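Structural features, examined
Spelled out, the chains give:
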Amino acid sequence: MSNDSQGLVKGEAAMMLAPSGSASSQGPPLSPSTASKAPELPDELVQAGWSKCWSRRENRPYYFNRFTNQSLWEVPVLGQHDVISDPLGLNAAPAEGGDSNLGNGQRKRRSSEEQGGGPNSFKRAKVEPTTPISPSTPGVKPWSSAAEDKQAQSATPTTPSPAPAPYRPAVIYWDLDVQTNAVIREQAPASHHLPPHPEIELQRAQLVTKLRQHYHELCHQREGIDPPRESFNRWLLERKVIDKGHDPLLPSDCDPVISPSMFREVMNDIPIRLSRIKYKEEARKLLFKYAEAAKKMIDSRNASPESRKVVKWNAEDTMNWLRRDHSASKEDYMDRLEHLRQQCGPHVAAVAKDSVEGICSKIYQLSAEYSRRLRQTHLSLLQDPPTEACASPPQSRLVYCYPVRLAIPSPPLPRVELHFENDMACLRFRGEMVKVNRGHFSKLELLYRYSCIDDPRFDKFLSRVWCLLKRYQVMFGSGANEGSGLQGALPVLVFQTLNRQFGVSFECFASPLNCYFKQFCSAFPDTDGFFGSRGPFLSFCPVSGSFEANPPFCEELMDAMVTHFEDLLDQSSEPLSFIVFVPEWRDPVTPALTRMEGSRFLRHQLSIPAYEHEYRSGSQHICKRDEMYYRAVHGTAVLFLQNDAGFAKWAPTPERLAELTAAYRASSTRISSLSSPGPAHISPGDRDSAPKTSDRTQSNVLSPGGHDDNNNNDNNSSGDSGSSSSPRDKVSTV
């Protein structure tokens, strides 16, 4: 912050309110001679929100805090407690000096201030202090929330005052002291990623929201259905597996253009979405709606005479049966529905195929156009736009893994405001607010200090945190509990056991918000690299190390993950181990699980039964403590993929496996006391409520490691009768 903005001795300073709340009294402005006598504010006070103003009525300077709305005649002392947020001074840091035992709000004021407020005075609303949590590293100054607040003050020497103690989370769900054993080949800085910028992130959020609205409108206009729940989120995941475009979120260069994931999920909701049934009347109503919708659809589309005849005959026969038989049981209705789907499903899918492909194609084309516009705007903000550079030669030096470095320097970033509301840190940019609890806020600060090398003063910290939180908020959607399963994580006890018994020190699928170790791979290297990310796992090539892999439950991504595992294990002769956690889907079994079970690198397989283990919520950075864990309604397969050297070093011995099982058992003891236990229990009777399908449909649920994508391979599988869009539509969500 420049001296002009800190001194506030002319112009705008005359309009600032005096401590008594009145600025109408006339008086001469602070003369240069008087200003030179008054000491300038130290940088620590400026960062805490203090500025020096001029009282025209009292004809003397005073000090005003824009965060707490305090006004003082004396120079404030940093570290003293605030009477508004801490009236008893319980959290006050000790200070020296005879008058320093009084807080900033307890100092004696002039008689003019002790009088009642005049006609021009007003009472300011209570605002929590927004003094940032400064780095505790010795010699490092507190970070600023604006890039223009970097200029040092030519201040007279003042007595240093103790900094406020950093926030200590009550419960910690991470261990950032674990050092990595992952070894990679040295890499050049990433030149194809642009540094994050709040302006661009705000535009990206608006465009993604607009794209979601287009998807919703297309499903309504063309098929008369609501879009399958979270199908857009899973479309983003599936597209990014094959996307070669430049935008970190919006797909722009994919082959094929039509997404198998989106096509499959929309088709499974045609002609209507089938829900889980518990009672006979619900089954009867659902059967009638399906027959009516199938008949209406075949009449309104360009269907062949044979298809029209088959569908209309089966629909009318079902309606006549419903009118004639009123004593049928729930099982009778469900069997009849399954028969109707088998007879009409192929014909309905044939007439809807072109329309659904048009929806997928249109969404992709809009995404590519938005990505191109964002790229152009982002390049215009950079001081030195990147040039097309030739590919850097591969490095041969082996080093321990380190965070992603961007080759393009970050431009000056705009101001992001910070304030605290109870236990939440709120960051605001241009009216857009994102929130994170104070525990995870302090975690992000630690990760930033460990990983960021271009911002030692934390000048860009708040802007980059805002971009990070906004990116994940936009990706997961803004609906209630939407996306909370896309960032699920293993329990803390399981992570501790993996590290202690198998030397695990790295997560293959995580984010700065849900990681346990400070070394991890994540989806967005541009925003996450400053907080420790090693980049996307499919681009990460370790030579040795022990890794935990808890992938998004997206079949396309899991299949690509297995291919990457086998390539790495086959190429390396150093100790290399991957402990993989995937859902145990058996009917039908997923290709990724089948490939891992038949892999020559498989050393052991462990099965954790459903309802006997839990995971941490993906919204752990904003949820309540009693909503942190939820039960898994599907079994989890734990597979140990290791080369010979990795097996010799981290072999899954019976003793180690017993420790891992005991860790799961110990963590699941809290399940009975959870107020938000996650997916509701499905009784045996409920399992037959929907048309008989794959267990995956009934037991799919939130991903423990990253995402909860369950894409069924059979378009007409009645497994989607619970809902075709998401496992969290088939069972109740957290």
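Residues numbered from 1 in each chain as written. Predicted model: local features only at pLDDT ≥ 70, side-chain atom pairs only at ≥ 80, totals over all residues. Heavy atoms only, no water.

Turning to the overall build of the protein, a few remarks are in order. Looking only at helices and strands, one finds 21 helices and 15 strands in the protein. For the protein, the residues scored as buried account for 56% of the 734 residues in total. Taking contacts inside the protein between residues at least 6 apart in sequence as the whole, the part at least 24 apart equals 74%. Carbon and sulfur atoms make up 51% of the accessible area of the protein, which totals about 31500 Å². (Helix = DSSP H or I, 4+ residues; strand = E, 2+ residues; numbered from the N terminus. Buried < 20%, exposed > 50% of the residue type's maximum accessible area, 1.4 Å probe, protein only. Contact = heavy atoms within 4.5 Å. Areas by Shrake-Rupley, 256 points an atom, 1.4 Å probe, with all protein chains shown as cover.)

The next thing to look at is the packing of aromatic side chains. For the coordinates displayed, the defined rule picks out 27 aromatic pairs. Plain terms: the ring middles of F232 and W235 are 5.4 Å apart, the flat faces sit at 40° to each other, and that makes the pair tilted. Of the two residues, F232 and W235 are both situated in helix α6 (residues 231–242); the distance of three residues between them amounts to about one turn of the helix. Its relative accessible area of 4% is what places F232 among the buried residues. Taken together, a centroid distance of 5.3 Å and an interplanar angle of 40° make the contact between F458 and F461 tilted. Residue classification places F458 among the buried positions, given a relative accessible area of 3%. An aromatic cluster is built from F506, F509, F537, F540, F547, F565 and F578, whose rings are joined through pairwise contacts. The cationic tip of R471 hangs over the ring face of F524; the distance from NZ or CZ to the ring centre is 4.9 Å. It is K518 that lies over the ring of Y450; its NZ or CZ is 5.7 Å from the centre. (Phe/Tyr/Trp six-rings, centres within 6.5 Å; stacked < 30°, edge-to-face > 60°. Lys NZ or Arg CZ within 6 Å of the ring centre and 35° of its normal.)

A few words on the pairing of strand β10 (residues 542–549). With respect to burial, β10 is a largely interior element, eight of its eight residues being buried. Note: strand β4 (residues 183–185) against β10, two bridges, orientation antiparallel. The residue bridging V183 from the neighbouring strand is S544, located in β10. Pairing of β10 with strand β11 (residues 576–583), which is carried by five bridges, proceeds in the parallel orientation. By the bridge assignment for β11, E548 is matched with I579. Each parallel crossover has a hand, and for β10 linked through helix α15 (residues 555–571) to β11 it is right-handed. (Pairing = 2+ DSSP bridges. Right-handed = clockwise from strand over helix to strand, strands pointing away.)

This part takes up the side chain of Q519. By the element assignment, Q519 lies in the loop between β9 (506–507) and α14 (525–528). Engagement of the side chain of Q519 in a polar contact is seen with the backbone oxygen of V178, the distance being 3.0 Å. Leaving out residues up to four positions away in the same chain, Q519 has contacts with V178, Q179, T180, C401, S505, F506, E507, G532 and R534. (Polar contact = N/O pair within 3.5 Å; in protein donor to acceptor, adjacent residues only side chain to side chain.)

Packing of helix α8 (residues 280–300) against helix α10 (residues 330–381) leaves a shortest axis separation of 10 Å and a crossing angle of 20°. As judged from the angle between their axes, α8 and α10 are roughly parallel. Crossing angle aside, the handedness with which α8 passes α10 is left-handed. Between α8 and α10, the contacting residues are K280, A283, R284, L286, L287, Y290, A291, A294, M297 and I298 on the first element and K330, Y333, M334, R336, L337, L340, R341, G345, H347, V348, V351 and A352 on the second. (Axes fitted to C-alpha atoms, helices over the stretch in contact; angles between N-to-C directions. Parallel < 35°, antiparallel > 145°, perpendicular 65-115°, else oblique. Left-handed = near helix turned anticlockwise from the far one by under 90°.)

Let's shift gears to unusual backbone geometry. In this structure, P256 follows D255 across a cis peptide bond, with omega equal to 10°. Relative to the assigned elements, P256 resides in the loop between α6 and α7 (260–268). One non-glycine residue with positive phi stands out, namely R430, at about 50°. Within the secondary structure layout, R430 lies in the loop between β7 (424–429) and β8 (432–437). The exposure class of R430 is exposed, given its relative accessible area of 60%. One non-glycine residue with positive phi stands out, namely Y611, at about 65°. Tracing the backbone through its elements, the reader meets Y611 in the loop between β12 (602–608) and β13 (614–616).

Attention now goes to the pattern of salt bridges. By the definition in use, this model includes 29 salt bridges. One salt bridge in this structure joins K240 and D243, with 2.7 Å as the shortest N-O distance. Residue classification places K240 among the partly exposed positions, given a relative accessible area of 28%. A relative accessible area of 13% places D243 in the buried class. For the salt bridge of D644 with R603, the shortest nitrogen-to-oxygen distance reads 2.8 Å. One end of the pair, D644, is in helix α17 (residues 644–649); the other, R603, is in strand β12, with 41 residues separating them in the sequence. Exposure remark for R603: the relative accessible area of 27% places this residue in the partly exposed category. Each of E201, R204, D247, R471 and D526 takes part in salt bridges that share partners, so that together they form one network. (Salt bridge = Lys/Arg side-chain N within 4 Å of Asp/Glu carboxyl O.)

Strand order in the open sheet formed by three strands is β6-β7-β8, with antiparallel pairing between adjacent strands. Of all strands in the sheet, those with a lone pairing partner are β6 (417–421) and β8, marking the two edges. Neighbouring strand axes in the sheet, compared pairwise and without regard to direction, differ in orientation by 25° on average. Here β7 runs beside β8; their pairing, made up of six bridges, is antiparallel. Counted as the bridge partner of C426 is K435 from β8.

Here we come to the environment of V171. Within the fold, V171 resides in the loop between α4 (111–114) and β4. With relative accessibility at 30%, the residue V171 sits in the partly exposed group. Separated by 268 residues in the primary sequence, V171 and G439 have C-alpha atoms spaced 8.0 Å apart.

Scored by pLDDT, the protein comes out at a mean of 77, with 70% of its residues at no less than 70. For residues 1–39, every residue scores under 50 in pLDDT, and the model assigns this stretch 68 contacts once sequence neighbours within four places are set aside. Contacts for the low-pLDDT stretch residues 671–734, under 50 throughout, to residues beyond four places or in other chains number 233 contacts. (pLDDT = per-residue confidence, 0-100.)

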